[in-house]
Amino acid sequence: MAKSRKKKKKTRPVRHRLVSLMLFLAAAGILFWARQDLLWGIKGYLLREIDYCRIRSEADLPPRSGAGACPAEVVGVPDYKNVPRFPNEGVILTCYRMVGFGNRLCVCSEKGLAKPKAITEIIKSRTIRGRLETLQKSVLNTSLRRHFLKAGNIRLAEDAFLLTEDDRPLPSRGKMGLLAGCAFLCCFFAWRLIKP
């Protein structure tokens, strides 16, 4: 009886350490997977600073491989001729291509696109800020491609990007809360592993 109790006492801490290790690895994995959003959110919410990726031509677009969502500032001329509008999640989205980007950059906005008042405004560059992501990773991928085909028989490139217009493009507060919780759990389970 005494021997079996001693064995239980010895195996129990090993089991606890294994559980702590698994939970630590899970929390650390989530943090590693969302590290870009975490850093981007910390800079935006705590330091009130957003580093925009500046895009002035097709060459400035990020490489497709490994491109995650990021805040971007696009300078260019919108395609005023082909502007599909469609409902999405309770709002009407206005989407358009940027001229000179080889069908590789679309912008979607809830604000709409103001029509030019004079001919000179048609060729005038505009600055648009928002969240840039690859179109294939966006929930709008299929519907946006379909709407552009219907609007002007326009085929968007396979490696196209989507800029969702937003004056303050940051990860949601809910996502930041989840990542902060993961950071806390990561520290807590690391402490549980280290303590004697």
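Per chain, the residues get numbers from 1 upward, laid out in the order the sequence is written. Confidence filtering applies because this is a predicted model: local features only for residues at pLDDT of at least 70, side-chain atom pairs given and counted only at 80 or more, and all residues used for totals across whole chains, interfaces and linings. With hydrogens and water stripped out, all remaining heavy atoms of the structure feed into the side-chain values.

1. Describing unusual backbone geometry
Reasoning step 1: Located in the positive-phi region is Glu 89, a residue other than glycine, with phi close to 50°.
Reasoning step 2: Each helix is a run of H or I in the DSSP string that is no shorter than four residues. Each strand is a run of E no shorter than two, and both are numbered from the N terminus. Mapped onto the secondary structure, Glu 89 falls in the loop between strand E3 (85–88) and strand E4 (91–97).
Reasoning step 3: Even without a glycine there, the phi angle at Asn 103 is positive, about 55°.
Reasoning step 4: Its place among the elements puts Asn 103 in the loop between E4 and strand E5 (105–109).
Reasoning step 5: When a residue's accessible area, from a 1.4 Å probe over protein chains only, is under 20% of the maximum for its type it is buried; when over 50% it is exposed; and in between it is partly exposed. A relative accessible area of 25% means that Asn 103 is categorised as partly exposed.

2. Quick word on the state of the cysteines
Reasoning step 1: Two cysteine sulfurs form a disulfide in these notes if their separation is within 2.5 Å. By the definition in use, this model includes one disulfide.
Reasoning step 2: Shown here is the disulfide that connects Cys 95 with Cys 108, its sulfur atoms set 2.1 Å apart. An S-S torsion of about 110° defines the bridge between Cys 95 and Cys 108 as right-handed. With Cys 95 in strand E4 and Cys 108 in strand E5, the pair connects residues that are 13 residues apart, well separated along the chain.
Reasoning step 3: Given a relative accessible area of 1%, Cys 108 falls into the buried group.

3. As for the pattern of salt bridges
Reasoning step 1: The salt bridge definition used is simple: a Lys or Arg side-chain nitrogen within 4 Å of an Asp or Glu carboxyl oxygen. Summed over all chains, the structure comprises nine salt bridges.
Reasoning step 2: Lys 43 is the partner of Glu 49 in a salt bridge, and the nearest nitrogen-oxygen pair spans 3.6 Å.
Reasoning step 3: Judged by its relative accessible area of 38%, Glu 49 falls in the partly exposed class.
Reasoning step 4: In this structure Lys 43 comes out as partly exposed when scored by relative accessible area, which is 28%.
Reasoning step 5: Residues joined in a network through salt bridges with shared partners are Lys 43, Glu 49 and Asp 51.

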